[in-house]
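Coordinate analysis (summary)
Here are the chains, one letter per residue:
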Amino acid sequence: MVNRDRLEYANAREKLSMVVPLDTPYVLFLDPCGACNFKCRFCPCNNSDFKKEERHAIMGMELFHKILDDIEEFPGKIKVINLYGFGEPLLHPQYVEMAEEIKRRNLCRELRCTTNGFLLTPELNRRLVQSGIDMVRISVEALTEKDYKDICGVDIDLEKFIGNIEDLYQASRKTNTNVSVKTLNVALAADKDANRFYDMFEPISDYTYIQDTTQAWSEFEAYVPEGNYEAGNIGDMKDEDKICSFALTNMAVHSNGSVGVCPQDWKFATEYGNVLNSSLKELWNSEKLKGFRIAHLSGNRRKIPYCKGCDVCVSNDDVRDCASKIIQKL
């Protein structure tokens, strides 16, 4: 049985005040598809008409290859490329080819996917593993078919769904692909449901965990079923002076080419350019991004329209003690 306290990864961390400004982002979110086949009540994807056409774009392969060319311009290697974003990545008809190309070019240390798992099949499972992808993370939104219908608006064959995850796990044995399964605490009604979740998925995944619910989507109210397990544990950036260091280390490229600070930014409010018009390297070193970084480091997060409503602690790096030093370096 997998130790439920085991971390998904254990890499040595560098103190940001010593290494920023970075010449290469540590993490890049690359969204192949902004559309989704679920209508989860806690997510704005299919619950808002705001810039819906832009948000639901499916990335063309010409744009995708341009982005990969741009990545190669960075002086260093990106630590993690998350090949997902707003929507369900496996809806992209050439998702496996995308993963294969990233691995073939050796563009990152680790390539990851997060999916709702609905589209997994034995055939797709084997193609994913053969692509060389390092992590496939499945988000489990409920433990019963009834709750899936209520929370996500989909009819799901739970036995088949779990069977496909188990098949992926078996197919990934003796390969570099790890399988992770997570759920949100608000999907669980009591401690017994948490234990049931672990009993169901620990035997068929490398990493299994329950994630605290946060106000992840600014300007969109999180759905919290009344009375659910630890449902009050929402928001881990409630400290008014907490500084988000995401802009110092991460880059988010959306499926329409928009480049922003945060993959949670469903309104493109933190956009600082578009890869259709500039290279990723140019955008990473742009004055607009520098201004955004300094605004956060100066303690003005709650004054930035979109960021003020976000309660997600996007990094383990607490830079409050060294913020002035980082500003000087920028």
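The structure presented is a predicted model; accordingly, all values stated were derived computationally and were not measured.

Rules used throughout
Residue indices begin from 1 for each chain and proceed along its sequence in written order. Local features in this predicted model are restricted to residues whose pLDDT is 70 or higher, and side-chain atom pairs enter the listing and the counts only when it is 80 or higher, whereas totals over whole chains, interfaces and linings include all residues. The basis for every side-chain value is the complete set of non-hydrogen atoms in the structure, without hydrogens or water. Nonpolar core, defined: a set of buried Ala, Val, Leu, Ile, Met, Phe, Trp, Tyr and Cys residues in which side-chain atoms within 4.5 Å join the residues together. A simple rule labels every residue: compare its accessible area, found with a 1.4 Å probe on the protein chains alone, to the largest value its type can have, and call it buried under 20%, exposed over 50%, or partly exposed in between. Secondary structure elements are taken from DSSP: a helix is a run of H or I of four residues or more, a strand is a run of E of two residues or more, and numbering for both begins at the N terminus. The criterion used for residue contact is that any of the two residues' heavy atoms lie within 4.5 Å. Here, the arc refers to the directions that run from the helix axis to the C-beta atoms. For this analysis, a ring pair means two rings from Phe, Tyr or Trp (six-membered ring only for Trp) whose centres lie within 6.5 Å, classed as stacked if their planes differ by under 30 degrees, edge-to-face if by over 60, and tilted for the remaining angles. Counting as a charge over the ring demands two things of the Lys NZ or Arg CZ atom: a distance within 6 Å of the ring centre and an angle within 35 degrees of the ring normal.

Counting residues in each nonpolar core, the largest one holds 100 residues, and the members touching the most others are Leu30, Ile81, Ile102, Tyr148, Phe201, Met251 and Leu280. Counting residues per element, this core draws most heavily on helix H7 (residues 158-171), at 7 residues. Apart from residues lying up to four places away in sequence, methionine 251 is in contact with Pro25, Val27, Leu28, Phe29, Phe74, Val259, Gly260, Tyr272, Leu280, Leu283 and Trp284.

Turning to helix H5 (residues 122-131), a few remarks are in order. Inspection of H5 places Leu124, Asn125, Leu128, Val129 and Ser131 among the buried residues, and these make up the whole buried set. All buried residues of H5 project into a common sector of 155° when viewed along the axis, lining one side. Facing away from the buried side of H5 by more than 90 degrees, the exposed set consists of Glu123 and Gln130. Next to the buried residues of H5 lie helix H4 (95-105) and H7. Immediately beyond the C-terminal end of H5, within one or two residues, lies glycine 132, with a positive phi of roughly 95°.

Time to look at the packing of aromatic side chains. What the rule picks out here adds up to 9 aromatic pairs. Measuring from ring centre to ring centre gives 5.4 Å for phenylalanine 197 and phenylalanine 201, while their planes differ by 45°; the resulting arrangement is tilted. Taken together, the residues span about one helical turn, with phenylalanine 197 and phenylalanine 201 both in helix H8 (residues 191-201) at a distance of 4 residues. There is no split in this pair, since phenylalanine 197 and phenylalanine 201 are both buried. An aromatic cluster is built from Phe38, Phe118, Tyr148 and Phe161, whose rings are joined through pairwise contacts. For lysine 79, the ring lying beneath its charged end belongs to tyrosine 26, and the centroid distance is 4.8 Å. When the ring centre of tyrosine 169 is taken as origin, the NZ or CZ atom of arginine 173, which lies over that ring, is 3.8 Å away.

This paragraph deals with H8. Those residues of H8 lying buried are Asp193, Ala194, Phe197, Tyr198, Met200 and Phe201. On an axial view of H8, the arc spanned by its buried residues comes to 165°, and they lie on one face. Away from the buried face of H8 by more than 90 degrees, exposed residues Asp191, Lys192 and Asp199 are located. Residues of H8 that are buried make contact with strand S4 (135-140), H7, strand S5 (178-184) and strand S6 (207-211).

Time to look at the environment of serine 131. Checked against the element boundaries, serine 131 lands in helix H5. Relative accessible area serves as the criterion here: at 6%, serine 131 is assigned to the buried category. Considered as a pair, serine 131 and glutamate 100 are 31 residues apart in the sequence and their alpha carbons are 4.7 Å apart. Residue contacts for serine 131: discarding those within four places in its chain leaves Val96, Ala99, Glu100 and Lys103.

Coordinates in, geometry out; function isn't part of it.
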